[in-house]
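Residue-level structure breakdown
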Amino acid sequence: MPANSFSRRVLAWWRRHGRKDLPWQRRPDPYRVWVSEIMLQQTQVGTVIGYFDRFMERFPTLERLAAGSEDEVLELWTGLGYYARARNLHRAARLALERHGCLPPDLDALTALPGIGRSTAGAILALAHGEPATILDGNVKRVLARHAGVDGWPGTPAVMRRLWALAEGRTPPRQAGPYAQAMMDLGATLCTRASPGCAACPVAGDCVALREGRQTDWPAPKPRKSLPERQTWMLLLHDDQGAVLLQRRPPSGVWGGLWSLPEAAGTAEADTLARALVGRSPTQWRALEPIRHTFTHFRLHIHPLVGRVHGPATAGVKDAVQVWYKPGQPPPGGMPAPVVSLLDGPDGP
Ligand code: SF4
């Protein structure tokens, strides 16, 4: 199968059926393409649109993003998850301006920035600059792995090399931008994970997965390992005014830089921690239903403990690492989704 036959069919399909009116497609400058690509990693288009629009309203340019605070960026990211993406976006904006004065139109310079891999750089170059660059995001990997019958989990270097070779070999030297968009659309709307619409697919004629009736065998899933389980006790310490104590998490690691609840290693430690934080412990603790939150590398069981601490008014007092936050007020920054749901829930302050 000549490579250009593949790209011709994909492009012809996209012209008729592809998505052309997504917010970042309306004005595909490098900055907007970059932000959309980062948001679209691990997140569906339907979810990303609202986040993208709010982000662009607050940070319409690279310069505005670089001038913003990490708290503002993380706040706009609350609910999207994978917060390292947001921290890297912010750092990369500052570094790009420092080093290049813009988002550089160059693969090596782009991939030297935090959070920009080869596929994201390819998307920026192809979609915003019209360069003959190649993308290989999750959707494209799925289409190529099925169409060519590529065995093995795409997380391994050997499989990735094979997929990159296929992806590059099929990228047309002209029309790389529309082709990149077309491949993403094909994966997102037709060659879907669970039920591919092969009957409408433009490359069905020579698709190995369809011929062998093994569409859902490719790409091979990540070898399963059981996730480690961790436990934590989150303290909802309320003051007399309904404010709750939040702490900023360390800048890197799980939920890095987000505002979260103080955590103890067990109920026995809750009193000691409360005294260390606010000088007294509640007269009694009330345990709420545990929450389970799954990260890529472990599963966290959160045991919320509610306690009221009487004392001087403290709402609104914020320093670098802790704040008394009154739900309903503007948040101090980004917050992990389980914390947002605890504060919004019927047992919140
Ligand atoms: S024929 Fe089916 S499995 Fe093959 S690429 Fe098209 S949608 Fe995917």
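Because the structure is a prediction, the values reported are computed rather than measured.

Criteria and thresholds
Residues numbered from 1 in each chain as written. Predicted model: local features only at pLDDT ≥ 70, side-chain atom pairs only at ≥ 80, totals over all residues. Heavy atoms only, no water. Buried < 20%, exposed > 50% of the residue type's maximum accessible area, 1.4 Å probe, protein only. Helix = DSSP H or I, 4+ residues; strand = E, 2+ residues; numbered from the N terminus. Pairing = 2+ DSSP bridges. Expected span 1.5 Å × (residues − 1). Arc of directions from axis to C-beta. Axes fitted to C-alpha atoms, helices over the stretch in contact; angles between N-to-C directions. Parallel < 35°, antiparallel > 145°, perpendicular 65-115°, else oblique. Contact = heavy atoms within 4.5 Å. Nonpolar A, V, L, I, M, F, W, Y, C, P; charged D, E, K, R; others polar. UniProt positions renumbered as here; feature names shortened; annotations may be inferred. Left-handed = near helix turned anticlockwise from the far one by under 90°. Near = heavy atom within 4 Å. Phe/Tyr/Trp six-rings, centres within 6.5 Å; stacked < 30°, edge-to-face > 60°.

**Regarding the pairing of strand β8 (residues 322-325)**
- What you see with β8 is no split at all: Q322 and W324 on one side and V323 and Y325 on the other are buried throughout.
- By the bridge criterion, 4 bridges tie strand β2 (residues 244-248) to β8 in an arrangement that is antiparallel. What sits directly across from Q247, in β8, is Q322.

**Some thoughts on helix α11 (residues 157-170)**
- The end-to-end C-alpha distance of α11 is 20 Å, a good match for the 20 Å that 14 residues give at a rise of 1.5 Å each.
- Within the span of α11, buried status applies to V159, M160, L163, W164, L166, A167 and R170. Along the axis of α11, the buried positions cluster into a sector of 165°, meaning they face one direction only. Of the exposed residues in α11, the ones pointing more than 90 degrees away from its buried face are P157 and R161.

**As for the packing of helix α10 (residues 138-148) against helix α12 (residues 176-190)**
- At their nearest, the axes of α10 and α12 sit 8 Å apart, and the two run at 80° to each other. Judged on the interaxial angle alone, α12 and α10 are roughly perpendicular. Within the contact between the two elements, α10 uses N139, V140, R142, V143 and L144 and α12 uses M183, M184, L186, G187 and A188.
- Class assignment for the residues of the contact of α10 with α12 results in 7 nonpolar, 2 polar and 1 charged.

**What to know about the UniProt feature "domain: HhH-GPD" (unreviewed entry) in the protein**
- Mapped onto this structure's residue numbering, the UniProt feature "domain: HhH-GPD" (unreviewed entry) falls at residues 39-189.
- For residues 39-189, the end-to-end C-alpha separation is 18 Å, with 68% helix and 0% strand making up the annotated structure.

**A look at helix α7 (residues 84-100)**
- The first and last C-alpha atoms of α7 sit 23 Å apart over 17 residues, in line with the 24 Å expected at 1.5 Å per residue.
- Turning to α7, its buried residues are R85, A86, R87, L89, H90, A92, A93 and A96.
- Buried-residue contacts for α7 involve α3 (30-40), α4 (45-58), α5 (62-67) and α6 (70-77).

**With respect to the packing of α6 against α7**
- α7 packs onto α6 with a crossing angle of 140° between their chain directions and a minimal axis gap of 9 Å. The angle between α6 and α7 falls in the class oblique. When you trace α6 past α7, the crossing you get is right-handed. Between α6, through E70, V73, L74 and W77, and α7, the contact on the second element is made entirely by R85, A86, R87, L89 and H90.
- Classifying every residue of the contact of α6 with α7 gives 5 nonpolar, 1 polar and 3 charged.

**Notes on the site of the ligand**
- Around the ligand, the neighbouring residues are R146, C191, P196, C198, C201, V203, A204, C207 and Q215.
- Looking at side-chain class alone, the shell around the ligand contains 7 nonpolar, 1 polar and 1 charged residues.

**A look at the packing of aromatic side chains**
- Counted according to the given criterion, the structure contains 6 aromatic pairs.
- Ring centres of W24 and F52 lie 5.2 Å apart, and the angle between their planes is 75°; on these two criteria the pair is classed as edge-to-face. Remark: F52 occurs in helix α4 and W24 occurs in helix α2 (residues 23-26); sequence separation between them is 28 residues.
- A residue is classified by how much of its surface remains accessible, and W24, at 5% relative accessible area, is buried.
- Centre to centre, the rings of Y31 and W34 are 6.3 Å apart; their planes meet at 65°, and the pair counts as edge-to-face. One end of the pair is Y31 and the other is W34, both in helix α3 and 3 residues apart, which spans about a single turn. Neither residue differs from the other here; Y31 and W34 are each classed as buried.
- An aromatic cluster is built from F55, F59 and W77, whose rings are joined through pairwise contacts.

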